[in-house]
Amino acid sequence: MTRTVRRPARRPGPARTALAALSSAALMATLSACGGSASADEADALSEVSLVFSGALTVCTDMPYAPFEYEEGGKPTGFDIDLVRKVADSLDADLDVIDVSFDDITSGNSLNNDVCDVAISAMTITGERARVLDFSSPYFDAKQALITPRGSGLDQLPELAGKRVGVQKDTTGETYLSDFAPESTQVVAYDDAAGLQAALAAGELDAAMLDNTVSGQFVSDNRKLKLSREFDTGEQYGMAVKKDGNIPLLRSINSTLADLREDGTYDEIYATYFG
């Protein structure tokens, strides 16, 4: 789902970019022969933020995943959305949000194929993901949480032996459960958090493993469920950009995050969604 209502021109294609590079090289050679220097121009080029669509920061996220990203009144909102909107403001750009699969984000497909400029989706920074994405500085700490039906007696990982436990596909929750739950645990992966939560609420699962940051609201909306236990996994969320392809944007994101923490805006946004 795209929020874009305009049709701005894309960045120059590979052929045009290559031609521009050759022309630039020729100009630099000419300047050098004449005793000039292109160092200032090179510095400007390295500091310029390049966007997929001019005038807009295009953001990939996987919705719904309240309170980080979800729709309200037909518009994207949430903790992540409010943060990345500040990044767009710092670039004097519009914010366009695209709903894509979490796998397309973590695999690098969306960013490295220029579907969007930045991804933010309550995404934990991991070494595996960092091989295909460039991450910002961390902006949120998270844990894993075990969600079970009240009265089920399932409160510890060993008690999950032989049970059906749901996770969201390609998440750290899936990794953690696969690594530490009993071998007989039936790990059932869902494409998105909405499907996972619906299955647990409908009694199709014995338990679910979710980030603790979304578990609170999920449990409060489903009084037959409880948050049985949290696991401190040392996870931190980060925004991501194209691998080795948009260092100026990454610097701008980090600068904005630092400013938000310094002036108290981060705390205000946090309080809006987490109290």
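To be clear, the structure that these remarks concern was listed above.
Predicted model only: the values in this text are computed from it and were never measured.

The mixed open sheet is built from five strands, whose spatial order is β4-β1-β5-β12-β6. Either end of the sheet is taken by a strand with one partner, and the two such strands are β4 (94-99) and β6 (133-135). Most of the contacts of helix α3 (residues 79-90) go to β4, to which it runs at about 140°, and overall it touches β1 (56-61), β4 and β5 (118-119).

Next up on the list: the sheet that holds strand β10 (residues 207-211). Spatially, the five strands line up as an open sheet ordered β9-β8-β10-β7-β11, and their pairing is mixed. Strand pairing shows two members of the sheet lacking a second neighbour, β9 (186-190) and β11 (225-237), which therefore form its edges. This sheet shows a mean twist of 25° between the axes of neighbouring strands, independent of strand direction. Across four bridges, strand β7 (residues 140-149) lies against β10 in antiparallel orientation. In the sheet register, I147 faces β10, and the bridge partner there is A208.

Moving on: empty space enclosed by the protein. According to the stated counting rule, one finds two cavities of 30 Å³ or more in the structure shown. Its boundaries defined by the atoms lining it, the largest cavity holds a volume of some 160 Å³. Residue lining of the largest cavity: 15 residues in total, with Y65, F102, Q168, T171 and D211 positioned closest to the centre. The set of elements that each furnish at least two residues to the lining of the largest cavity consists of α7 (172-180) and β10.

Estimates place the volume of the second largest pocket at around 240 Å³. What lines the second largest pocket is D103, T106, S107, T126, E128, R129, V132, D170, T171, T172, E174 and T175. Counting residues per element, the ones that place at least two in the lining of the second largest pocket are α4 (102-106), α6 (127-130) and α7. Per element, the largest residue contribution to the lining of the second largest pocket is three residues, and it comes from α7. Class assignment for the residues of the lining of the second largest pocket results in one nonpolar, six polar and five charged.

Scanning the model with the defined rule gives four salt bridges in all. Measuring nitrogen to oxygen at the nearest pair gives 3.1 Å for the salt bridge that ties D155 to K226. Here D155 is found in the loop between β7 and β8 (164-168), whereas its partner K226 is found in strand β11, with 71 residues between them in sequence. A relative accessible area of 25% means that D155 is categorised as partly exposed. On the accessibility criterion, K226 (23% relative accessible area) is partly exposed.

It is worth spelling out unusual backbone geometry at this point. Residue P64 is bonded to the preceding M63 through a cis peptide linkage, with omega at 0°. Across the junction of A66 and P67, the peptide omega takes the value 5°, indicating a cis bond. Summarising the element assignment, P67 is placed in the loop between β1 and β2 (70-72). Notably, D114 is not glycine yet its phi reads approximately 60°, a positive angle. Among the structural elements, D114 can be located in the loop between α5 (109-112) and β5.

Let us look at the side chain of T58. Relative to the helices and strands, T58 resides in strand β1. By relative accessible area, T58 is classed as buried at 1%. Sequence-distant contacts of T58, defined by excluding residues within four places in its chain, comprise F53, D96, I98, V115, C116, D117 and V118.

Conventions used here
Residues numbered from 1 in each chain as written. Predicted model: local features only at pLDDT ≥ 70, side-chain atom pairs only at ≥ 80, totals over all residues. Heavy atoms only, no water. Pairing = 2+ DSSP bridges. Helix = DSSP H or I, 4+ residues; strand = E, 2+ residues; numbered from the N terminus. Contact = heavy atoms within 4.5 Å. Axes fitted to C-alpha atoms, helices over the stretch in contact; angles between N-to-C directions. 1 Å grid on protein atoms, 1.4 Å probe; cavity = no way out; pocket = protein on both sides within 12 Å on 5 of 7 lines; lining within 4 Å. Points joined across faces, edges and corners; volume = space filled by probe spheres on them. Nonpolar A, V, L, I, M, F, W, Y, C, P; charged D, E, K, R; others polar. Salt bridge = Lys/Arg side-chain N within 4 Å of Asp/Glu carboxyl O. Buried < 20%, exposed > 50% of the residue type's maximum accessible area, 1.4 Å probe, protein only.

Distances and angles like these do not, on their own, reveal function.
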